[in-house]
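# An overview of the molecular structure
Below are the chains, spelled out letter by letter.
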Amino acid sequence: MLLPAALPTPLTAVADPVLARAGVELRLKRDDLLHPAVPGNKWRKLTPNLAHALAEGRTAVATFGGAYSTHLRATAAAARALGLASFGIVRGGELADRPRNPSLAAAEADGMELEFVDRGAYRELAGTGGGPYAERWGNCLVLPEGGSNALAVHGTAALPGELPDLGPHDVVCCAVGTGGTLAGIAAGLPPGARALGVAVLRGEGYLEGEVDALHRAAYGRTFANWRIDHGHHGGRYGRVPAALEEFAAGFEQRHGVGVERRYVAKALHAVYGLAAQGALAGGTRVTLVVTGLPDAVAVSRS
């Protein structure tokens, strides 16, 4: 195995009276335990891409992400483990001279060379595969933001196969930043089961288009067994409102599971909110994919 991982990752049942009153069952797919430095959906998306890079004789990998990007951190760790150089374009030129947050500090500690650009330049560079930076990167595999491409979708499509007895009463839920994990889960589900994505940024309509495009790229068709909730992003990418922090801290205290705030907490919060509203019908079993580690834990393991 390219990056050895603990597969299949555990399933943990969550007994909670709030969900019980709504008739909703919750279990956690603990992909945060998959790999110490490249956890969760990052391992599933990066592994097929990096195998492709090595097969082609690439010597480096480059990619794109925001200030709190777990994708940048995971890519740096994976590249270092495989002897590849790594480069990252970071959205936010104003961040260049500021102290590094845990995600960016960990990426640099693993050897990733970061370039900070303003948001307009970032969109252009991400859309052109790095533009003028590509020459500097040399024999490099360039990954899109979040690592979401056709190979990544095939990687995440393996996840439902680790969930026993999925059927019409099942919903597999994950956070959505770029759409690759949701696209793969939806593609890998058996008939009757559904996928629920929870947007972590403002992107109604846009994110649905991204998932459809990923399905076409990976499978040549679209799927109808998924949807995205847009009511729990907290206002914007990276924002953790006080109510979300309170919810996540309470969940940790009640259930003893650390909750990453910018992705996992939003997906969890959505499950509880949708159950309370009746948007998740009684008898539904939700499997929430824990896609990453809290910052402090991730940095300590890197």
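Provided above is the structure to which this section pertains.
Residues numbered from 1 in each chain as written. Predicted model: local features only at pLDDT ≥ 70, side-chain atom pairs only at ≥ 80, totals over all residues. Heavy atoms only, no water.

## Quick look at the nonpolar core
L26, L28, L268 and L288 are the most contacted members of the largest nonpolar core, which totals 32 residues. Among the secondary structure elements, those contributing two or more residues to this core are strand 2 (25-29), strand 7 (170-176), strand 8 (194-199), helix 10 (242-255), helix 11 (264-277) and strand 10 (285-289). The leading source of residues in this core is helix 11, at 9 residues. Apart from residues lying up to four places away in sequence, L26 is in contact with T12, A13, V14, L19, L268, V271, Y272, V286 and L288. L159, L182, I185 and A199 belong to the second largest nonpolar core, which has 24 residues in total. (Core = buried A, V, L, I, M, F, W, Y, C linked by side-chain atoms within 4.5 Å. Buried < 20%, exposed > 50% of the residue type's maximum accessible area, 1.4 Å probe, protein only. Helix = DSSP H or I, 4+ residues; strand = E, 2+ residues; numbered from the N terminus. Contact = heavy atoms within 4.5 Å.)

## Some points on the packing of aromatic side chains
Taken as a whole and judged by the stated rule, the model has 8 aromatic pairs. Measuring from centroid to centroid gives 6.1 Å for F87 and W137, while their planes differ by 25°, and the two rings are stacked. Remark: W137 occurs in helix 6 (residues 133-137) and F87 occurs in strand 4 (residues 85-91); sequence separation between them is 50 residues. W137 sits in the buried class, given a relative accessible area of 5%. Centre to centre, the rings of F251 and Y272 are 6.3 Å apart; their planes meet at 90°, and the pair counts as edge-to-face. Of the two residues, F251 is situated in helix 10 and Y272 in helix 11; the sequence distance between them amounts to 21 residues. A single burial state applies to F251 and to Y272, both of which are buried. Here the aromatic residues F64, F87, Y122, Y133 and W137 are joined through ring pairs into a cluster of three or more. Looking at R91, its charged tip hangs above the ring of Y122, at a distance of 5.1 Å from the centre. (Phe/Tyr/Trp six-rings, centres within 6.5 Å; stacked < 30°, edge-to-face > 60°. Lys NZ or Arg CZ within 6 Å of the ring centre and 35° of its normal.)

## Topic: the environment of G197
Mapped onto the elements, G197 comes out in strand 8. Considering only alpha carbons, one finds G197 and P168, 29 residues apart in sequence, at a separation of 17 Å. Those residues within four positions of G197 in sequence are excluded, and the remaining contacts are C174, V176, L182, R227, I228 and D229.

## Some details on the sheet that holds strand 5 (residues 112-117)
Taken together, the 4 strands give an open sheet; going across it, the order is 5-4-3-6, and neighbouring strands pair in parallel fashion. At either margin of the open sheet sits one strand with a lone partner, and together these are strand 5 and strand 6 (140-142). Between one strand and the next, the sheet's axes are offset by a mean angle of 20°, whatever the strand orientation. Across 6 bridges, strand 3 (residues 60-65) lies against strand 4 in parallel orientation. Looking at strand 4, one finds that A62 is bridged to F87. Strands strand 3, strand 4 and strand 5 of the sheet are contacted by helix 3 (residues 70-81), whose axis makes an angle of about 170° with strand 3. (Pairing = 2+ DSSP bridges. Axes fitted to C-alpha atoms, helices over the stretch in contact; angles between N-to-C directions.)

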